[in-house]
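Chain by chain, the residues run as shown.
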Amino acid sequence: MKPMKLRLSALSMLTAAALAFSPMIPQAVPDAPAASTSSSFQSQDEAITPAQYQSMLGHGMDVDWSKTSEGRSNYQTQTVIDFVEAGIKHVRIRVKDDLTPDVLASRDRQIDDCLSHGLIPVLAHQADAFKNDPSERNLEHVVAWWSTIAARYQDKSHALSFDLLIECTDALNQQPDRLNEMIERVTAAIRQTNPDRIIMMSPRLRSNPAYLSEL
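Residues numbered from 1 in each chain as written. Predicted model: local features only at pLDDT ≥ 70, side-chain atom pairs only at ≥ 80, totals over all residues. Heavy atoms only, no water.

## Section: the overall build of the chain
Consideration 1: Counting secondary structure elements, the chain contains nine helices and five strands.
Consideration 2: Ordered by position from the N terminus, the helices and strands of the chain form the series α-α-β-α-α-β-α-β-α-α-β-α-β-α.
Consideration 3: The buried share among the 215 residues of the chain stands at 47%.
Consideration 4: For the chain, the proportion of contacts with a sequence separation of at least 24, taken over those separated by at least 6, is 80%.
Consideration 5: Carbon and sulfur atoms make up 50% of the accessible area of the chain, which totals about 10,400 Å². (Helix = DSSP H or I, 4+ residues; strand = E, 2+ residues; numbered from the N terminus. Buried < 20%, exposed > 50% of the residue type's maximum accessible area, 1.4 Å probe, protein only. Contact = heavy atoms within 4.5 Å. Areas by Shrake-Rupley, 256 points an atom, 1.4 Å probe, with all protein chains shown as cover.)

Below, the structure is given as structure tokens:
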């Protein structure tokens, strides 16, 4: 396996998750939900608070298993096992393509592999068209994309979380109100089927924390 560059993202993920999950975060962090005796996450489990989730994330990294057709074809379950053995606690599975049957089937496998081996999957949408042109048509496409994802995975373990947009860039950087509208509409759509799943959202200029107050 090639050397991996670790991404220390737990704090930023907690900040983003807290914005969508609950207006209240306990001062004392409760114990994180334990994985099963087989070190896997179970479907239809208890909801996880942002504070609990942050304590579970540990070291993580971005992966391109679903971002390209090459990534999908080269993916192997053994990769998840190797990551866990190397101490990786979570992966952000970035997706750029439309939700064709092939894309969804490969996503199903990757999410199930992660959950069954105790690796936290964070599903993230690239949404290039919306970032380049934040038109109503492209916004509706993002809402529809997440609606499909949310309905498909509504019964999966709460260890699976949704990252609404991979770094706000391009034309969308100049339209913070449009970014907020996207967040509101996508969150509302997701909440119809996933009332308490962790949702992550980040400010513009590549998730620059200096712009968190704009959200």
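Okay, back to it.
## Description of the nonpolar core
Consideration 1: Formed by 52 residues in total, the largest nonpolar core has its most connected members in Tyr53, Trp65, Val91, Leu123, Trp146, Ile149 and Met182.
Consideration 2: Among the elements that make up this core, the one with the highest residue count is helix α7 (residues 136–152) (seven residues).
Consideration 3: Look past the residues within four positions of Met182 in its chain and what remains in contact with it is Phe130, Leu139, Val142 and Leu165. (Core = buried A, V, L, I, M, F, W, Y, C linked by side-chain atoms within 4.5 Å.)

## What to know about the packing of aromatic side chains
Consideration 1: This model, assessed by the stated rule, comprises four aromatic pairs.
Consideration 2: On the numbers, 4.9 Å between centres and 75 degrees between planes, the contact of Trp145 with Trp146 is edge-to-face.
Consideration 3: We classify Trp146 as buried; its relative accessible area is 0%. (Phe/Tyr/Trp six-rings, centres within 6.5 Å; stacked < 30°, edge-to-face > 60°.)

## Observations regarding the pattern of salt bridges
Consideration 1: As enumerated under the stated definition, the model contains 15 salt bridges in all.
Consideration 2: Notably, a salt bridge pairs Arg72 with Asp97, separated by 3.0 Å at the nearest N-O pair. Here Arg72, found in helix α3 (residues 69–74), pairs with Asp97, found in the loop between β2 (90–95) and α5 (101–116); they are 25 residues apart in sequence, far enough to count as distant.
Consideration 3: The closest approach of N and O atoms between Asp163 and Arg92, which form a salt bridge, is 2.9 Å. With Asp163 in strand β4 (residues 161–163) and Arg92 in strand β2, the pair connects residues that are 71 residues apart, well separated along the chain.
Consideration 4: Note on Asp163: relative accessible area 7%, which makes it buried. (Salt bridge = Lys/Arg side-chain N within 4 Å of Asp/Glu carboxyl O.)

## Notes on the environment of Lys67
Consideration 1: Along the chain, Lys67 falls in the loop between β1 (60–63) and α3.
Consideration 2: You can call Lys67 buried: its relative accessible area is 18%.
Consideration 3: As a C-alpha pair, Lys67 and Ala124 span 57 residues in sequence and 9.7 Å in three-dimensional space.
Consideration 4: Leave out the neighbours within four places in its chain, and Lys67 touches Arg72, Arg94, Val95, Lys96, Asp97 and Gln126.

By themselves, these observations are geometric and do not establish any function.
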